[in-house]
Amino acid sequence: MLRSINKHYEDKLGASDGEIGHVKDFYFDDQSCQAKKWIGSFAAALGGLDTLVFAGGIGENAPPVRERICEGLDFLGIKLDKARNKKNAAMIFTNAGRVKVRVIHTNEELMIARSVLRSCPAITAGERN
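Note that the coordinates shown come from a computational prediction; the quantities given were computed from them, not determined experimentally.

Reading the values: rules and limits
Residues numbered from 1 in each chain as written. Predicted model: local features only at pLDDT ≥ 70, side-chain atom pairs only at ≥ 80, totals over all residues. Heavy atoms only, no water. Core = buried A, V, L, I, M, F, W, Y, C linked by side-chain atoms within 4.5 Å. Buried < 20%, exposed > 50% of the residue type's maximum accessible area, 1.4 Å probe, protein only. Helix = DSSP H or I, 4+ residues; strand = E, 2+ residues; numbered from the N terminus. Contact = heavy atoms within 4.5 Å. Polar contact = N/O pair within 3.5 Å; in protein donor to acceptor, adjacent residues only side chain to side chain. Salt bridge = Lys/Arg side-chain N within 4 Å of Asp/Glu carboxyl O.

J.: Residues and numbers for the nonpolar core, please.
T.: Of all hydrophobic cores here, the largest spans 18 residues; its most connected members are I39, L49, L52, F54, L76, I78 and V101. Ranked by residue count, the leading element in this core is helix α4 (residues 63-70), at three residues. Among residues more than four places away in sequence, those in contact with F54 are G59, R66, I69, C70, I92, V101, R102, V103 and I104.

See the structure below:
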């Protein structure tokens, strides 16, 4: 979905009684709400959280998205250090937080290649046609 809104990202949205915001604000509000639902769901299923990890393109490179996702999750023990978050530090939680919040670099292309190799034993055995 992110690619589909890129050209409209800075567009203003309006209503009959005036401007109501930018596309990016509504997109990230929806995105962070969905992420919060997943975090809450996993926290409930696991009986709490020890660590929250942000990875991948947005997780690694979008401090505002990480901040919006963590907003309001203090009750789970998530306390974001805004200065560390803005710097894309590896550890972005405050010392007062019970839950470690980390940003971990991932090499998605390598992970996909490894997954393909695992699912195709003939390739890994050297039987290439």
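J.: Just give me the short version of the side chain of N85, but keep the residues and values in it.
T.: With respect to the element layout, N85 can be found in helix α5 (residues 82-86). Of the residues examined, N85 reaches a relative accessible area of 1% and is grouped as buried. Separated by 2.7 Å, the side chains of N85 and R66 make a polar contact.

J.: Could you give me a rundown of the pattern of salt bridges, with the residues and numbers involved?
T.: Throughout the structure, instances matching the rule amount to two salt bridges. Among the ionic pairs, E67 bridges to K82, the shortest N-O distance being 3.4 Å. Highlighted residues: E67 in helix α4 and K82 in helix α5, separated in sequence by 15 residues. Note that D81 and R84 form a salt bridge whose closest N and O atoms lie 3.5 Å from each other. Note on R84: relative accessible area 30%, which makes it partly exposed.

J.: So, unusual backbone geometry: which residues are in play, and what are the values?
T.: Positive phi, normally seen in glycine, also occurs at N88, with a value near 55 degrees. Take N88: it is sitting in the loop between α5 and β4 (100-104). Taking the relative accessible area as the measure of exposure, N88 reaches 33% and is therefore partly exposed.

J.: Break down the environment of G40 for me, citing the residues and quoting the values.
T.: Examined against the element boundaries, G40 turns out to sit in helix α2 (residues 23-46). Since its relative accessible area comes to 31%, G40 is described here as partly exposed. For the pair formed by G40 and L76, sequence separation is 36 residues and the distance between their alpha carbons is 8.4 Å.

J.: Give me the lowdown on the environment of L80, citing residues and values where you can.
T.: Along the chain, L80 turns up in the loop between α4 and α5. Given a relative accessible area of 17%, L80 falls into the buried group. Taking C-alpha positions, L80 is 8.8 Å from R66, a pair spaced 14 residues apart along the chain. Beyond its immediate sequence surroundings of up to four residues, L80 is in contact with R66, E67, C70, N85, I92, F93, T94 and V101.

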